[in-house]
Amino acid sequence: MPVRDLRDVIYRRRVRSESRRSTVPAFYVMDVWKAAAERARTHGDVLVLAAGQPSTPAPAPVLRATRAALDAELLGYTETFGTLELRTAIAGYHRDTYGIAVDAEDVVVTTGSSGAFTLIFLAAFDIGDTVVVARPGYPAYRNTLSALGCRVVELDCGAQTRFQPTVEMLEALPEPPAGLIVASPANPTGTMIAPAELAALARWCDAHGTLLISDEIYHGIVYESDSTGTASDATATSSAWETSRESVVIGSVSKYFSMTGWRLGWMLVPPGLRPALQRLASNMTVCPPAISQYAAVHAFDAESRRELDGHVRRYARNRALLLDGLPRLGITELAPADGAFYAYADIAHLTDDATRWCADLLAATGVALAPGTDFDTSNGSHTVRLSFAGASADIEEALARMGRFLGV
């Protein structure tokens, strides 16, 4: 075969081939959403308790600001790290909420918190670096790190530590990792790290040269008592920057602020990482979405906060419905739902194939839950996540349908 023809064949094969880094696990909850959408088209009776997002629109001041920006603003590129007005608003939010000194220059606005994680992973970690995450946990941490060539170590975090990592777990590692990711409140469990524990983790990371990345995107959605109705230190909200300014804090307008599709997140970043982030972000995204930035400034207004706190009160009612209703169905092994809008349940007495069980539940009842397969590579085959971000009537109806499915 002539050399040119051989090169053409090799080129075509390369074009058709996947990269090795792309062969990470799929996000299986997206398959649930697809199946639920099909059920909605064919039966019209679907109740989606699988979605990790609010069922409400952005606050009224945000919507008004959006309409105004469409008429008045060019909506062209902004600064790579976001507009000064938005960064100032975010800094003020952190000062007011946590009593810590944060300035606009500490804030890096990103295309969703997902964009923040990708940027900080690229800026802080090299191929082969070890980064520690909790199991169960949000799968995109693990999968994105793996795609970028990092070595991911999962800490088995069970009920005995409220499904959260501890300093003792870090001490048991062969050597300090390059990074540690924590989430409080966490997805999928909803559990939180007590302020003293978060401070201890931050001090350990600083002492061992480990970058602490604190996912705080569910802040604002926190309940005053634990799953038994008892007040708990674990339900007190704290930020990693209260202890360590060398850590990275991740925030987002998606969850508490009810703006998932606006794709806007942010980081609080120590000065040493900002030049790398500037270089990467300017090349990879140029800037976050302009319209979302103009609008999100008003997410922090007092009027917006009153509306959003009303959503949290509804989540609290829904949480109570599930924490009372699931044990009545025989589902008693539940993670403490300190915050966020999830109930995470062990259903080992019902199945060892949660994906199939959820598919059967959807087919029989129209109720869509998220199997734990995404969140736990070891025990996810017998766990499920239920979102209670929707209407209270939907939660009640879902429990009734599940009861009939389970014969209770």
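Residues numbered from 1 in each chain as written. Predicted model: local features only at pLDDT ≥ 70, side-chain atom pairs only at ≥ 80, totals over all residues. Heavy atoms only, no water.

Our focus in this paragraph is the packing of aromatic side chains. The full count for this structure, using the stated rule, is 16 aromatic pairs. On the basis of an interplanar angle of 50 degrees and a centroid distance of 6.3 Å, the ring pair of Tyr223 and Phe388 is categorised as tilted. In this pair, Tyr223 sits in the loop between strand E6 (211-215) and strand E7 (248-252) while Phe388 sits in the loop between strand E13 (383-387) and helix H13 (392-406), placing the two residues 165 residues apart along the sequence. Residue Tyr223 shares its accessibility class with Phe388, and that shared class is buried. Through pairs of rings, three or more aromatic residues link up here, namely Tyr93, Tyr256, Phe257, Trp266 and Phe300. (Phe/Tyr/Trp six-rings, centres within 6.5 Å; stacked < 30°, edge-to-face > 60°. Helix = DSSP H or I, 4+ residues; strand = E, 2+ residues; numbered from the N terminus. Buried < 20%, exposed > 50% of the residue type's maximum accessible area, 1.4 Å probe, protein only.)

With that out of the way, let us pick up the environment of Arg21. You can see Arg21 is positioned in the loop between helix H1 (3-16) and helix H2 (29-42). The spacing of Arg21 and Asn143 is 122 residues in sequence and 9.6 Å in space, taken between C-alpha atoms.

Attention now goes to the nonpolar core. Counting 105 residues, the largest nonpolar core has Ile213, Phe257, Met267, Leu277 and Met402 as the members making the most contacts within it. Both domains that meet at this core, namely domain 1 (20-57 + 304-406) and domain 2 (74-301), each give it at least three residues. Sequence-distant contacts of Phe257, defined by excluding residues within four places in its chain, comprise Ala58, Pro59, Tyr93, Ser252, Trp266, Ala299, Phe300, Arg305 and Leu308. (Core = buried A, V, L, I, M, F, W, Y, C linked by side-chain atoms within 4.5 Å. Domains from an automatic or database assignment. Contact = heavy atoms within 4.5 Å.)

For the rest of this paragraph, the subject is the domain arrangement of the chain. Taken domain by domain, the chain holds domain 1 (20-57 + 304-406) and domain 2 (74-301). For domain 1 versus domain 2, the separation of C-alpha centres amounts to 24 Å. If you look at the interface, domain 1 gives 35 residues, while domain 2 gives 41 residues. Surface buried jointly by domain 1 and domain 2 totals about 3,300 Å² across both partners, of which 55% is contributed by carbon and sulfur atoms. The residue Arg135 makes a salt bridge to Asp376 at a minimum N-O spacing of 3.4 Å. Counting the contacts that link domain 1 with domain 2 gives 22 residue pairs in polar contact (both at pLDDT 80 or more). Counting residues per element, the ones that place at least two in the side of domain 1 that touches domain 2 are helix H11 (302-328) and strand E10 (342-346). For the side of domain 1 that touches domain 2, the leading source of residues is H11, giving 10 residues. Among the residues making up the side of domain 1 that touches domain 2, the classes are represented as 19 nonpolar, 8 polar and 8 charged. (Buried area = accessible area lost by both parts, 1.4 Å probe. Salt bridge = Lys/Arg side-chain N within 4 Å of Asp/Glu carboxyl O. Polar contact = N/O pair within 3.5 Å; in protein donor to acceptor, adjacent residues only side chain to side chain. Nonpolar A, V, L, I, M, F, W, Y, C, P; charged D, E, K, R; others polar.)

Restricting attention to buried positions, one finds in helix H6 (residues 139-147) the residues Pro139, Tyr141, Arg142, Asn143, Leu145 and Ala147. Buried residues along H6 sit against helix H5 (112-124), strand E3 (130-135), strand E4 (151-156), strand E5 (179-183) and E6.

In terms of burial, E10 is largely enclosed, as 4 of its 5 residues are buried. Pairing of strand E9 (residues 333-334) with E10 involves 2 bridges; the strand directions are antiparallel. Bridge pairing in E10 places Glu333 opposite Asp346. As paired elements, E10 and E13 share 5 bridges and run antiparallel to each other. Bridge assignment links Ala345 to a residue of E13, and that residue is Val384. (Pairing = 2+ DSSP bridges.)

Read from one edge to the other, the open sheet built from 7 strands follows the order E2-E8-E7-E6-E5-E3-E4, with strand pairing classed as mixed. Since the sheet does not close on itself, it has two edges, and those belong to strand E2 (107-110) and E4, each with one partner. Neighbour-to-neighbour, the strand axes of this sheet turn through a mean angle of 25 degrees, independent of strand direction. (Axes fitted to C-alpha atoms, helices over the stretch in contact; angles between N-to-C directions.)

Attention now moves to the packing of helix H12 (residues 354-365) against H13. Packing of H12 against H13 leaves a shortest axis separation of 10 Å and a crossing angle of 105 degrees. When the interaxial angle is binned, H12 and H13 end up roughly perpendicular. For the pair formed by H12 and H13, the contact residues are Trp357, Asp360, Leu361, Ala364 and Thr365 on the first element and Arg401, Met402, Phe405 and Leu406 on the second. A per-class count over the contact of H12 with H13 returns 6 nonpolar, 1 polar and 2 charged. (Parallel < 35°, antiparallel > 145°, perpendicular 65-115°, else oblique.)

This brings us to a nonpolar patch on the surface. The grouping of Phe27, Met30, Trp33 and Val48 at the surface amounts to a nonpolar patch, some 320 Å² of accessible area in total. Structurally, Val48 is set in strand E1 (residues 47-48). (Patch = residues over 30% accessible without salt bridge, like charges linked within 9 Å, V, L, I, M, F, W, Y side chains within 5 Å. Areas by Shrake-Rupley, 256 points an atom, 1.4 Å probe, with all protein chains shown as cover.)

The next thing to look at is the pattern of salt bridges. Under the definition given, this model contains 15 salt bridges. In this structure, the salt-bridge partner of Glu154 is Arg135, at a minimum N-O distance of 3.6 Å. Here Glu154 is found in strand E4, whereas its partner Arg135 is found in strand E3, with 19 residues between them in sequence. Residue Glu154 is classed as partly exposed on the basis of its relative accessible area of 22%. With a closest N to O distance of 3.4 Å, Glu154 and Arg142 form a salt bridge. In this pair, Glu154 is assigned in strand E4 and Arg142 in helix H6, connecting sequence segments 12 residues apart. Beyond isolated ion pairs, a larger network of salt bridges with shared partners links Arg135, Arg142, Glu154, Asp156 and Asp376.

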